[in-house]
Amino acid sequence: MNKSRQIEAWTGEFGSGYLRRNAGVTEERLASAAQALAGVLKACPTPPCSILEVGANIGVNLLALARSTDAMLYAVEPYEEAHRRLVGLLGPRLAGSAVAVAQQLPYADASMDFVFTSGVLIHVAPDDLPTAMAEIHRVSRRYIWCSEYFAKQPEVLTYRGKAGLLFKRDFGGLYIELFPGLRPLAQGFFWSATTPYDDTTWWLRSEEHTSELQSH
């Protein structure tokens, strides 16, 4: 695994602290996430048969998605301890997973219907972001979704006293800039008062021929 400064932080003590703060999986949290994510899936013209989360942490998003889809669920997570918990939490509902980074996804081209990140691209350094997005685009067959902090112009913020670990920008716009074949399908906002997500903007993109595809 190629470890950037950001990955070194997230797979070390800094990542352990995040894991401790976010380890609780309550019914309230799951139900709220399930409702929010079900709304995203409804925006897909054709329901996905396979879903990959990049940077899945312990798998709460996938567990929530399992309540509204029968799609095969896959996960990539760079932190081994988080990945271990993810496998335990999802159990047989998880079709496959790997300890890996967004910049090097261990899946074949166009192998996943729906590929997404939630609060992950904001932690990828700008120099590494095009590579991470290219990998997500490469393995996606139909849809790309991301839920991240938005800013009209790229911003670098201090995160829990650490510099260079949090970035804001128009991630949905950057996907289209990098991959002109993508088209916008939907976008929205997850308000922290009504969802378990931290005031993030989400974008759903697809290849231009998505509407012509049928469920397989």
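Just so it is clear, the structure is predicted and the values come from calculations on it, not from any experiment. For every chain, the first residue of its written sequence is number 1, and the numbers climb from 1 along that sequence. Per-residue local features are limited, in this predicted model, to residues with pLDDT of at least 70; the limit for side-chain atom pairs, both in listing and counting, is 80 or more; totals at the level of whole chains, interfaces and linings are taken over all residues. To get the side-chain values, all heavy atoms of the structure are used, and hydrogens and water are removed first.

(A) Here's a closer look at the packing of aromatic side chains. Pairing of aromatic rings covers Phe, Tyr and the six-membered ring of Trp, with a centre-to-centre limit of 6.5 Å; geometry is then stacked below 30 degrees between planes, edge-to-face above 60, and tilted otherwise. Taken as a whole, this structure holds ten aromatic pairs when the rule is applied. Their ring planes at 55° and their centres at 6.3 Å tell us that Trp-145 and Trp-202 sit as a pair that is tilted. Taken as a pair, Trp-145 in strand β5 (residues 140-148) and Trp-202 in strand β9 (residues 200-207) lie far apart in primary sequence, 57 residues in all. Judged by its relative accessible area of 1%, Trp-145 falls in the buried class. Secondary structure elements are taken from DSSP: a helix is a run of H or I of four residues or more, a strand is a run of E of two residues or more, and numbering for both begins at the N terminus. To sort residues, take the accessible area from a 1.4 Å probe on protein chains only and compare it with the maximum for the residue type: under 20% means buried, over 50% means exposed, and anything in between is partly exposed.

(B) Inspection of the nonpolar core at higher detail. Residues enter a nonpolar core if they are buried and are Ala, Val, Leu, Ile, Met, Phe, Trp, Tyr or Cys, with the set joined through side-chain atoms within 4.5 Å. Ile-51, Leu-62, Phe-114, Trp-145 and Leu-204 are the most contacted members of the largest nonpolar core, which has 34 residues in total. Per-element accounting of this core gives the leading share, seven residues, to helix α3 (residues 27-42). Should any heavy atoms of two residues lie within 4.5 Å, those residues are counted as being in contact. Excluding residues within four positions of it along the chain, Trp-145 makes contact with Leu-37, Val-40, Phe-114, Val-115, Phe-116, Thr-117, Phe-190, Trp-202, Trp-203 and Leu-204. Ala-9, Leu-105, Met-112 and Phe-179 belong to the second largest nonpolar core, which has 32 residues in total.

(C) Looking closely at the pattern of salt bridges. What makes a salt bridge here is a side-chain nitrogen of Lys or Arg within 4 Å of a carboxyl oxygen of Asp or Glu, nothing more. This structure, assessed with the given rule, holds seven salt bridges. A salt bridge links Arg-67 to Glu-27, with the shortest nitrogen-to-oxygen separation between them at 2.8 Å. Placement of Arg-67 in the loop between α4 (60-65) and β2 (72-76) and of Glu-27 in helix α3 is noted, with a sequence separation of 40 residues between them. A salt bridge links Arg-138 to Asp-109; the nearest nitrogen and oxygen atoms lie 2.8 Å apart. Here Arg-138 is found in helix α6 (residues 129-139), whereas its partner Asp-109 is found in the loop between β3 (94-98) and β4 (112-118), with 29 residues between them in sequence. We classify Arg-138 as partly exposed; its relative accessible area is 23%. Take Asp-109: its relative accessible area is 54%, and that puts it in the exposed class.

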